[in-house]
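# Survey of secondary and tertiary structure
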Amino acid sequence: MKHIVVLSGAGMSAESGISTFRDADGLWEGHDVMEVATPEGFRKNPSLVYDFYNQRRKQLFDVKPNKGHQLLAELEKNYQISIITQNVDDLHERAGSTKVLHLHGELRKARSTVDSQYILNWEKDLTEKNKDPNGYPLRPHIVWFGEAVPALSEAIEVIETADIIVIIGTSLQVYPAASLYEYASENTDVFYIDPNPADGINASIQLIKKGASEGIKELIQLLK
Ligand code: APR
């Protein structure tokens, strides 16, 4: 079976009704990124940050995987599929994808502010009152700007074994995620599905200028 590695971003979940970050109606509107997505912001105003991610977590219960997520899950019948996502939602998993690596963390998890290995599933609201066994507060299990990406080396290993790479719905603005596809071996076919793709991408990348669902349908035809 050929190994397809999918690199997904916020555009993957756009058709499920979750706002992207950098499109006009993006999630950051009304929220200063430095306040809600940096360790400094969290230190300055923890309750604002807890509340921001509590809202995002609640939203997960109102949204469903879209056709694009479902098609990727179905592709596991014919391909080995690994998904590396920048998204903190769980829509790939809920669609049935079995191998999903979250580069930027997960909304449905919390972790200790002190022991980064102490991570637990979290469904309800998270506040300063929630503590780890040593009494240190928990925080959202999200990789904020300026923080290391713990899943990076695993992501690179996965990409190195790809026969085909499919980038979906990302503006390729945030590193290291944006440069991950460059770890693919030379003969790997790279597709990029996005209605408004990033400028200046490598000429060898095959562009499918469509939304995720329609773009994945087209990809499936091209792979036949
Ligand atoms: N289908 C596919 N792509 C779409 C769709 C759609 N229906 N709608 C919009 N897009 C595309 C946009 O054209 C854009 O290129 O999705 C992309 C979204 O880009 P961003 O909002 O920048 O999201 P992303 O690239 O995932 O952001 C990366 O930034 O703030 C951080 O940690 C956060 O993981 C996030 C990272």
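Read on for a plain summary of the structure.

Calculation notes
- Throughout, a residue's number is its position along its own chain's written sequence, starting from 1.
- Totals for whole chains, interfaces and linings use every residue, but because this is a predicted model, local features are given only for residues with pLDDT of at least 70 and side-chain atom pairs only at 80 or more, for both listing and counting.
- Side-chain numbers come from the whole structure's heavy atoms, not from hydrogens or water.
- For this analysis, a ring pair means two rings from Phe, Tyr or Trp (six-membered ring only for Trp) whose centres lie within 6.5 Å, classed as stacked if their planes differ by under 30 degrees, edge-to-face if by over 60, and tilted for the remaining angles.
- Put simply, DSSP H or I for four residues or longer makes a helix, DSSP E for two residues or longer makes a strand, and each gets a number counted from the N terminus.
- To be near a molecule or strand, a residue needs just one of its heavy atoms within 4 Å of it.
- Here a polar contact means two N or O atoms within 3.5 Å. Within protein one must be a hydrogen donor candidate and the other an acceptor candidate, and residues neighboring in sequence count only if both atoms are side-chain atoms.
- All accessible-area figures derive from a Shrake-Rupley calculation using a 1.4 Å probe, and residue coverage is judged against the displayed protein chains alone.
- Throughout this entry, Asp, Glu, Lys and Arg are counted as charged residues, while Ala, Val, Leu, Ile, Met, Phe, Trp, Tyr, Cys and Pro are counted as nonpolar. The remaining residues, Gly among them, count as polar.
- Source of the domain bounds: an automatic or database domain assignment.
- By the convention used here, strands pair only if DSSP detects at least 2 bridges between them.
- Lines are fitted to the C-alpha atoms to define the axes, a helix being fitted only along its stretch in contact, and any angle between axes, read from their N-to-C directions, falls within 0 to 180 degrees.
- Nonpolar cores were defined as sets of buried Ala, Val, Leu, Ile, Met, Phe, Trp, Tyr and Cys residues, with membership established by side-chain atoms within 4.5 Å.
- Only protein chains enter the accessibility calculation, which uses a 1.4 Å probe. A residue is then buried if its area is under 20% of the maximum for its type, exposed if over 50%, and partly exposed in between.
- Contacts are assigned to residue pairs that have any heavy atoms within 4.5 Å of one another.

## Regarding the packing of aromatic side chains
In the structure shown here, the tally under the stated rule is four aromatic pairs. Here Phe42 and Tyr50 contribute two aromatic rings whose centre-to-centre distance is 5.3 Å and whose plane-to-plane angle is 75°, an arrangement assigned as edge-to-face. Taking 6.2 Å as the distance between ring centres and 40° as the angle between the ring planes, the aromatic pair formed by Tyr53 and Trp144 counts as tilted. Here Tyr53 is found in helix H3 (residues 46-60), whereas its partner Trp144 is found in the loop between strand S6 (138-142) and helix H6 (152-160), with 91 residues between them in sequence.

## Section: the site of the ligand
Every one of the 22 residues lining the ligand counts as a neighbour, but Phe21, Arg22, Thr170, Ser171 and Asp194 are closest to it. In this structure, Ser171 approaches the ligand through a side-chain N or O atom, which is 2.5 Å from an oxygen atom. In this structure, a nitrogen atom belonging to the ligand sits 2.8 Å away from a main-chain N or O atom of Ala212. In the complex, the protein chains occlude 91% of the 730 Å² of accessible area that the ligand would expose alone. Residues of the shell around the ligand, tallied by class, amount to eight nonpolar, 10 polar and four charged. Two domains each donate at least three residues to the shell around the ligand, and these are domain 1 (1-18 + 66-104 + 149-224) and domain 2 (19-62 + 108-142).

## Here's the deal with the sheet that holds S6
In space, the three strands of this open sheet follow the order S5-S4-S6, with antiparallel pairing throughout. Both outer strands of the open sheet, strand S5 (119-121) and S6, are each paired with one neighbouring strand and no more. Neighbour-to-neighbour, the strand axes of the sheet open up by a mean angle of 45°, direction not taken into account. Relative to S5, strand S4 (residues 105-112) runs antiparallel, the two being bridged by three bridges. What sits directly across from Lys109, in S5, is Asn121.

## Some points on the nonpolar core
Leu7, Ile84 and Ile165 are the most contacted members of the largest nonpolar core, which has 25 residues in total. Elements with a minimum of two residues in this core: strand S1 (3-8), H6, strand S7 (164-168) and strand S8 (189-193). Considering each element in turn, this core owes the most residues, four residues, to H6. In this structure Leu7 touches Ile84, Ile159, Ile165, Val166, Ile167, Ile168, Leu180 and Tyr181, once residues within four positions along its chain are discounted.

## Examining the side chain of Asn66
You can see Asn66 is positioned in the loop between H3 and helix H4 (67-74). A residue is classified by how much of its surface remains accessible, and Asn66, at 6% relative accessible area, is buried.

## Here's the deal with the sheet that holds S8
Taken together, six strands build an open sheet; the order of strands is S3-S2-S1-S7-S8-S9 and the sheet is parallel. Whereas interior strands pair on both sides, the edge strands pair on one side only; in this sheet they are strand S3 (100-102) and strand S9 (206-208). Across the sheet, the mean angle separating the axes of adjacent strands is 20° when strand polarity is ignored. Bridge analysis of strand S2 (residues 80-85) against S3 gives three bridges, and the strand direction is parallel. Note that in S3 the partner of Thr85 across the bridge is His102. The strands touched by helix H7 (residues 212-223) are S1, S7, S8 and S9; relative to S8, the strand with the most contacts, the crossing angle is about 155°.

Coordinates in, geometry out; function isn't part of it.
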